[in-house]
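Fold and contact review
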Amino acid sequence: MQRAVTALFLVCPLLAAAPAQATGEPARVTAVTPARAGALVVAHLTTVDLPGEKLLQSMRSGLTSSVQLDLVLLDEQLQELGGNSLSLQLGFDLWDEVFSVHTADCERRFRSLAELQEYLTNLAAVPVITTDRLSPRARYRLRVGLRAHAIAPAQQERVEDVIAGNPRSRREGQNRQEASVSLGRLIRLFYKSGDRSDGTQETLSDWFRLEELRDETH
């Protein structure tokens, strides 16, 4: 997939909307609303069941979970024209008892699970593609794929090393979060979660034209 977005951002401020009720189903995007922010097409995403029981169990054990968002612009023939990927790294500080969400250029901390759920339920202005990729008269729609990992892919190798007793993990050192995770609980989390995700859940926006998008820069 061609990555056409040149300026990436995720609005960090917490949105004042009540979190959706958990259903026990895999986390997913329930609504995709495209908009325009300067030279970017952005998406407002409404989600449900984030962070969810499996991710919470992992985070409260001192591990990092993640939510992967893949956003794609489709033309009228449903051909992919480009898009963007965003990874949200979810953590819980066992000492300070605060939750956190990290992206490549943004961090947000939350004093309660309710605040974290509120933030993840309404993700604002997620960048998708530059507007110069769109023709004024053509119709488009956005496809958003969401995959939730109880153990973030970037951390899986370290977890495997700890379980296997690999000395490399000791040479590299452990931070205070990793040191607090018992080996027995780590093994249970790692193997109980299988591939540590529920698969990609995909959602489509309504059809739109570039001129119809709300401009959020005004």
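This structure is a prediction, so every number in the text was calculated from the model and none was measured. (Residues numbered from 1 in each chain as written. Predicted model: local features only at pLDDT ≥ 70, side-chain atom pairs only at ≥ 80, totals over all residues. Heavy atoms only, no water.)

**A closer look at the overall build of the protein**
Per the secondary structure count, the protein includes six helices and nine strands. For the protein, the proportion of its 218 residues judged to be buried stands at 46%. Surface accessibility of the protein: about 11000 Å² in total, with carbon and sulfur atoms responsible for 47%. (Helix = DSSP H or I, 4+ residues; strand = E, 2+ residues; numbered from the N terminus. Buried < 20%, exposed > 50% of the residue type's maximum accessible area, 1.4 Å probe, protein only. Areas by Shrake-Rupley, 256 points an atom, 1.4 Å probe, with all protein chains shown as cover.)

**Some thoughts on the sheet that holds strand β2 (residues 40–48)**
Reading across from one edge, β1-β2-β7 is the order of the three strands in this open sheet, with antiparallel pairing throughout. The sheet is open, and its two borders are formed by β1 (28–37) and β7 (122–130), each paired with just one other strand. The mean angle between the axes of side-by-side strands here comes to 30°, regardless of whether they run parallel or antiparallel. Note: β2 against β7, six bridges, orientation antiparallel. (Pairing = 2+ DSSP bridges. Axes fitted to C-alpha atoms, helices over the stretch in contact; angles between N-to-C directions.)

**Details of the side chain of Arg141**
Among the structural elements, Arg141 can be located in strand β8 (residues 141–149). No salt bridge is formed by the buried Arg141; its nearest oppositely charged neighbour, Asp206, is found at 5.2 Å. In terms of polar contacts, Arg141 uses its side chain to reach the backbone carbonyl oxygen of Ser205, at 3.0 Å. Those residues within four positions of Arg141 in sequence are excluded, and the remaining contacts are Val72, Leu73, Leu74, Leu78, Leu204, Ser205, Asp206, Trp207 and Phe208. (Lys, Arg positive; Asp, Glu negative; His and termini not counted. Salt bridge = Lys/Arg side-chain N within 4 Å of Asp/Glu carboxyl O. Polar contact = N/O pair within 3.5 Å; in protein donor to acceptor, adjacent residues only side chain to side chain. Contact = heavy atoms within 4.5 Å.)

**As for the packing of aromatic side chains**
Applying the stated criterion across every chain, the model contains three aromatic pairs. Look at Phe92 and Phe99: their rings are 4.6 Å apart centre to centre, the planes differ by 45°, and that puts the pair in the tilted class. By the burial criterion, Phe92 is buried, and Phe99 matches it. Here Tyr140 and Phe208 contribute two aromatic rings whose centre-to-centre distance is 6.4 Å and whose plane-to-plane angle is 45°, an arrangement assigned as tilted. Taken together, the residues Tyr140 in the loop between β7 and β8 and Phe208 in the segment after β9 (201–204) connect sequence positions 68 residues apart. Arg139 extends its terminal NZ or CZ atom over the ring of Trp207, reaching a point 4.7 Å from the ring centre. (Phe/Tyr/Trp six-rings, centres within 6.5 Å; stacked < 30°, edge-to-face > 60°. Lys NZ or Arg CZ within 6 Å of the ring centre and 35° of its normal.)

**Section: the sheet that holds β9**
Sheet architecture is open: six strands sit in the order β6-β5-β4-β3-β8-β9, paired in antiparallel fashion. Strands at the two margins of the open sheet, each flanked by one partner only, are β6 (107–110) and β9. Going from strand to strand, the sheet's axes swing by 20° on average, the running direction of each strand aside. Two strands pair when backbone bridges link them, and strand β4 (residues 80–93) and strand β5 (residues 98–102) are joined in this way by five bridges, in the antiparallel orientation. Counted as the bridge partner of Gln89 is His102 from β5.

Function cannot be read off these values alone, since they describe shape.
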